[in-house]
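Residue-level listing of the chains:
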2 protein chains.
Amino acid sequence: MKKIGVAILGLGVVGGGTYKILTEHRDFYKNTKGIDIVIENVLELDKNRALALGIEESKICTDIAEICSNPEVDIVVEVIGGIEPAKSYVLAALNSGKSVVTSNKELYCKYGHELEKAAKKNRAGLYFEATCVGGVPIIRSMLDNLQGNVYSSVIGIINGTTNYILTKMTESGTDYSSALEEAKKLGYAEADPTSDVEGFDAVYKLSILSSIAFNTKIPYTEIYREGISAIDGADIAFGKQLGYTLKLLAIGKNGKKGIEVRVHPTLIKSTHPLASVKDCFNAVYLNGDSVGDVMLYGRGAGAYPTGSAIVGDIIFCATHSNHVYSTFVNTETAATDTKFVKNFESEYYIRLSVDDKAGVLSKVTAILSKCSISVAQFIQDGEREGDKASLVVITHVTKENSVKKAVAEINATGIANVESVIRVIS
Amino acid sequence: MKKIGVAILGLGVVGGGTYKILTEHRDFYKNTKGIDIVIENVLELDKNRALALGIEESKICTDIAEICSNPEVDIVVEVIGGIEPAKSYVLAALNSGKSVVTSNKELYCKYGHELEKAAKKNRAGLYFEATCVGGVPIIRSMLDNLQGNVYSSVIGIINGTTNYILTKMTESGTDYSSALEEAKKLGYAEADPTSDVEGFDAVYKLSILSSIAFNTKIPYTEIYREGISAIDGADIAFGKQLGYTLKLLAIGKNGKKGIEVRVHPTLIKSTHPLASVKDCFNAVYLNGDSVGDVMLYGRGAGAYPTGSAIVGDIIFCATHSNHVYSTFVNTETAATDTKFVKNFESEYYIRLSVDDKAGVLSKVTAILSKCSISVAQFIQDGEREGDKASLVVITHVTKENSVKKAVAEINATGIANVESVIRVIS
């Protein structure tokens, strides 16, 4: 039986989960895949953490060089996260001819091109299913299954923390801070939640997914980003009333005018399959020219779901004799002929606080009309605060810049103030 | 650039779709996959059908031997359907060293073991993503992505025709025959719809999917089958009232007592992700021990979605230098230690027509209780037909045989009659 030696760099949540999956399923993989996966080394500075998992002391390393020079190691699993030392370790492993399986979205997003060059040079494998959406089999599906399609869009709920917070706010009417606190208590949000709630995590993942989908590098710096920390419960409630659910969506589109990539809160029609993706669940909704609409749904994070993706890559790497590289993706920049659309088109939800007197509504609608924005739905709220009333508008498809212009003009009137602008998918 | 020669056997709906995808995307595949996919031959008795697609006359064959002896052909796509001549053609192709990509679920389900033996002997590839659920990337995801999991269940809406009919019945209150007629008009049901509506199509697919999931051959003959042709609109309406949606589900489970495989109408909780899979859409809901719940959703049939799966297999076959065989799956029978659970456990919906007089309800509940069936929900219908009333019961989890026994005893009372029994997933 073919023996596959694995080294795990980092025994945090995902590293520990991967270790447990591999050791507990060793016989299962022997029987069903015909390979014996043996953990030869772990790299972990906290020796007790490794010992607590039952790892023999002789297998615990603190220096990547020990792993690179161990001829028993075939595949190095990098689950440290962040750029350094992860990047140097991955490059060292690849340059010593080891294949690498990584869950590190930031590293792969920012330096995938360097890693892949090293992998190709050394004929080593580089697998990264676990970088995006945990256990959801999105990357291999795009690379090895739906790869005959020209994709027009990739839209995802790809961050579990924010989806948990928004689900709580939607279902219990909790405000943002309370929902965030609850997420922290349950371990769904980190002590410093910035990367999740401000959309950075989703930006890294969208960079990876849209690069694969659109066959050109989509640098994360091209992605428009807006988080959920400023979301007001009122907008979730008005959205509901109008038939929409608020989600943090990562949106990649490829059309005649170019590529659009953006991460922002979005009111999505409540009947859309993505609207019913709740709590920590994630999903990616793709449209390909042959396959049509496809959605992949599951747990986007966690020791075992992400471990499942890592183990899937390990077995794939071990059972396929050649490694396929997505050359065109892993350049540093987009292809020179790639156009990024910044003034994109969307429907919009606009909530205004208006002076409660005659003539205000006609002034607001006149400005919208002047900016070529036509109104699809409309609510004037019955409840008033003092002499102010709420006015909620859902527009037909219009341009981002037209909305910006209208917002500035409305605010300049002195009788109406735009409280929120949220993009809409009907 | 590597040239890949393809021959397509059969230019029906899927064959024609595959031909169009390959020819229209030829440059795209050159640019993005680095391979030039060339259609070298088609096997089609109706020459005009081939000519209408723009295929050169010299490429049209009527004899499989021409294709087997053409050194330019690397991959043979079988989209004829049925057992013969498809089986002989596939075996001939494999035995001449060609790899085969097939969408033929009946063939792969019944003779996969023979086909795979021939493939292995000749070191040829055998790919079958298109046999199940059209464009939904389920098979490669199970084989090459979630393959580190021990699956406890695979539950799917894997037949588009029946899902369309049930969606119509649910949403418009149409009866079964009218919904079937509408499906025929739209091309969603065949002139003879037996294979779809009686669940045979779903049984073939469940055999394939559960064999992969449970790492042992699940012969289709072991699968319990019940179609939708006897479904009464009343049960859909009562189900709705109780919070359930009626779907034809294919259910595979693997637990301590053994493997359960069954295709039957099921009332599934309306909040379950599968309940919102509508019209011709299909979905498979998996549970793996590491990944947890995963759902893959998309179009389960049609020229382009199924063509997408075929083209995905062609490119995968062309870009991976070794073919991996799932040896343990493709035996003719299940492993000798496999146990199939026939007296399975489920919740049940039972609708009775009862004499509208005192004492009937207590008699019915006494029988249920005697058969160890406990009641979870209960409706006595207000509308009466003559001196009969409807009584609807949803049970807690109980055994199939207990329900059968209770039904026989209730019918024997002469004062109550069981009109329908539908399994339930809460």
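In this text the structure is predicted, and so the values were computed from the model without any measurement.

### A closer look at the relation of the copies chain A and chain B
Line of reasoning, step 1. When chain A is brought onto chain B, the operation consists of a screw motion whose angular component is 180° and whose axial shift is 0.0 Å, with 0.0 Å RMSD remaining. In the structure described here, the two chain copies are related by an operation that fits a two-fold rotation axis. Minimal C-alpha separation from the rotation axis in chain A is found for leucine 296 of chain A, amounting to 2.3 Å.
Line of reasoning, step 2. Taken as a fraction of all interface residues of chain A, those also at the interface in chain B reach 100%, which identifies the copy contact as same-surface.

### Examining the interface of chain A and chain B
Line of reasoning, step 1. The interface of chain A with chain B comprises 45 residues on the first partner and 45 residues on the second.
Line of reasoning, step 2. Summing both partners gives a buried area of about 3900 Å² for chain A against chain B, and 53% of it is carried by carbon and sulfur.
Line of reasoning, step 3. Sorting the residues of chain A by area buried against chain B places Asn145, Gln147 and Tyr297 of chain A first, and these three jointly supply 15% of that buried surface.
Line of reasoning, step 4. Between chain A and chain B we count 0 salt bridges in total.
Line of reasoning, step 5. The tally of links from chain A across to chain B stands at 22 residue pairs in polar contact (both at pLDDT 80 or more).

### Structural notes on helix H14 (residues 360-370) of chain B
Residues and elements named next belong to chain B.
Line of reasoning, step 1. When we look at burial in H14, the residues that qualify are Val360, Val364, Ile367 and Leu368. The buried residues of H14 occupy one face: seen down the axis, they fall within an arc of 100°. Turned more than 90 degrees away from the buried face of H14 sit Ser369 and Lys370, all of them exposed.
Line of reasoning, step 2. Check the buried side of H14 and you find it contacts strand S13 (345-355), strand S14 (375-380), strand S15 (388-395), helix H15 (400-412) and strand S17 (416-425).
Line of reasoning, step 3. Positive phi shows up at serine 372, right after H14, with a value of about 60°.

### Observations regarding the side chain of glutamate 78 of chain B
Residue and element names in this part refer to chain B.
Line of reasoning, step 1. Summarising the element assignment, glutamate 78 is placed in strand S4 (residues 75-78).
Line of reasoning, step 2. Lysine 105 is the oppositely charged side chain nearest to the buried, salt-bridge-free glutamate 78, at an N-O distance of 10 Å.
Line of reasoning, step 3. At 2.7 Å, the side chain of glutamate 78 forms a polar contact with the side chain of threonine 102.
Line of reasoning, step 4. The residues touching glutamate 78, leaving out its near neighbours within four places in the chain, are Leu9, Ala86, Val90, Val101, Thr102, Ser103, Asn104 and Leu107.

### Here we look at the sheet that holds strand S2 (residues 35-43) of chain B
All names here are of chain B.
Line of reasoning, step 1. Reading across from one edge, S3-S2-S1-S4-S5-S6 is the order of the 6 strands in this open sheet, with parallel pairing throughout. Each edge of the sheet is formed by a strand with only one pairing partner; in this case those strands are strand S3 (60-61) and strand S6 (126-127).
Line of reasoning, step 2. As defined by bridge partners, strand S5 (residues 99-102) adjoins S6 across 2 bridges and the pair is classed as parallel. Looking at S6, one finds that valine 100 is bridged to leucine 126.

### What to know about the pattern of salt bridges
Residues and elements named next belong to chain A.
Line of reasoning, step 1. Scanning all chains against the criterion turns up 48 salt bridges over all chains.
Line of reasoning, step 2. Residues aspartate 27 and lysine 30 are paired through a salt bridge, measuring 3.8 Å at the closest nitrogen-oxygen approach. Residue aspartate 27 and its partner lysine 30 are located together in helix H2 (residues 26-33), separated by 3 residues, close to a single helical turn.
Line of reasoning, step 3. Judged by relative accessible area, which is 51%, aspartate 27 ranks as exposed.
Line of reasoning, step 4. Residue lysine 30 is classed as partly exposed on the basis of its relative accessible area of 27%.

### Focus on the pairing of strand S1 (residues 2-9) of chain B
All names here are of chain B.
Line of reasoning, step 1. Counting buried positions along S1 gives 6 out of 8 residues, so the element sits mostly inside the fold.
Line of reasoning, step 2. The pairing of S1 with S2 spans 8 bridges and is parallel. Bridging across to S2, isoleucine 8 finds its partner in valine 42.
Line of reasoning, step 3. Where S1 lies against S4, 4 bridges are found, and the strand directions are parallel. Bridge pairing in S4 places alanine 7 opposite valine 76.

### Focus on unusual backbone geometry
Line of reasoning, step 1. Note that the residue after glutamate 84 of chain A, namely proline 85 of chain A, is joined by a cis bond; omega there is 10°.
Line of reasoning, step 2. Residue placement: proline 85 of chain A occurs in the loop between strand S4 (75-78) and helix H5 (86-95).
Line of reasoning, step 3. Unlike most non-glycine residues, valine 133 of chain A shows phi in positive territory, near 60°.
Line of reasoning, step 4. Mapped onto the fold, valine 133 of chain A is located in the loop between strand S6 (126-127) and helix H7 (138-144).
Line of reasoning, step 5. Even without being a glycine, asparagine 215 of chain B presents a positive backbone phi close to 55°.
Line of reasoning, step 6. On the secondary structure map, asparagine 215 of chain B appears in the loop between helix H11 (200-214) and strand S8 (224-225).
Line of reasoning, step 7. Of the residues examined, asparagine 215 of chain B reaches a relative accessible area of 16% and is grouped as buried.

### Observations concerning the packing of helix H8 (residues 160-172) of chain B against helix H9 (residues 176-185) of chain B
Packed helices, taken two at a time, are described by their axes: the angle between them and the distance between them.
Residues and elements named next belong to chain B.
Line of reasoning, step 1. One can describe the packing of H8 onto H9 by two numbers: an axis separation of 9 Å at closest approach and a directional angle of 130°. Classified by the interaxial angle, the pair formed by H8 and H9 is oblique. Pair H8 / H9 crosses with right-handed handedness. Residues Tyr164, Ile165, Lys168 and Met169 of H8 pack against Tyr176, Ala179, Leu180, Glu182 and Ala183 of H9.
Line of reasoning, step 2. Class assignment for the residues of the contact of H8 with H9 results in 7 nonpolar, no polar and 2 charged.

Quick notes on the rules
- Sequence order as written defines residue numbering, which begins from 1 separately in each chain.
- Just so you know, chain letters begin at A and ligand numbers begin at 1, following the order they were written in.
- In keeping with the predicted nature of the model, local features appear solely for residues at pLDDT of at least 70, side-chain atom pairs appear and are counted solely at 80 or more, and the whole-chain, interface and lining totals rest on all residues.
- Only hydrogens and water are removed before side-chain values are computed, so all heavy atoms of the structure are retained for them.
- Here the copies were fitted onto each other by least squares, based on C-alpha atoms from residues at pLDDT of at least 70 in both.
- The contact definition used throughout considers only heavy atoms, calling two residues in contact when any of these lie within 4.5 Å.
- The term buried area refers to how much accessible surface (probe radius 1.4 Å) is lost by two components on association, counted for both of them together.
- We define a salt bridge as a contact between a side-chain nitrogen of Lys or Arg and a carboxyl oxygen of Asp or Glu at a distance within 4 Å.
- Pairs of N or O atoms are called polar contacts if they sit within 3.5 Å, as long as, within protein, a hydrogen donor faces a hydrogen acceptor (for residues adjacent in sequence, only side-chain-to-side-chain pairs).
- Only protein chains enter the accessibility calculation, which uses a 1.4 Å probe; a residue whose area is less than 20% of its type maximum is buried, one above 50% is exposed, and one in between is partly exposed.
- A helix here means a DSSP run of H or I that spans at least four residues, while a strand means a run of E at least two residues long, and both kinds are numbered starting from the N terminus.
- When we speak of the arc, we mean the arc of directions from the helix axis to the C-beta atoms.
- Under this rule, positive means Lys or Arg and negative means Asp or Glu; His and the chain ends count for nothing.
- Pairing between strands is defined by DSSP: at least two bridges between the two strands are required.
- Axis geometry follows a simple rule: fit a line to the C-alpha atoms, using only the stretch in contact for helices, then measure angles between N-to-C directions, giving values from 0 to 180 degrees.
- Between 65 and 115 degrees an angle is taken as roughly perpendicular, under 35 as roughly parallel, over 145 as roughly antiparallel, and anywhere else as oblique.
- For any pair of crossing helices, the crossing counts as left-handed if the nearer helix is rotated counterclockwise from the farther one by less than a right angle, and right-handed if it is rotated clockwise.
- Only Asp, Glu, Lys and Arg are considered charged, only Ala, Val, Leu, Ile, Met, Phe, Trp, Tyr, Cys and Pro nonpolar, and every remaining residue, Gly among them, polar.

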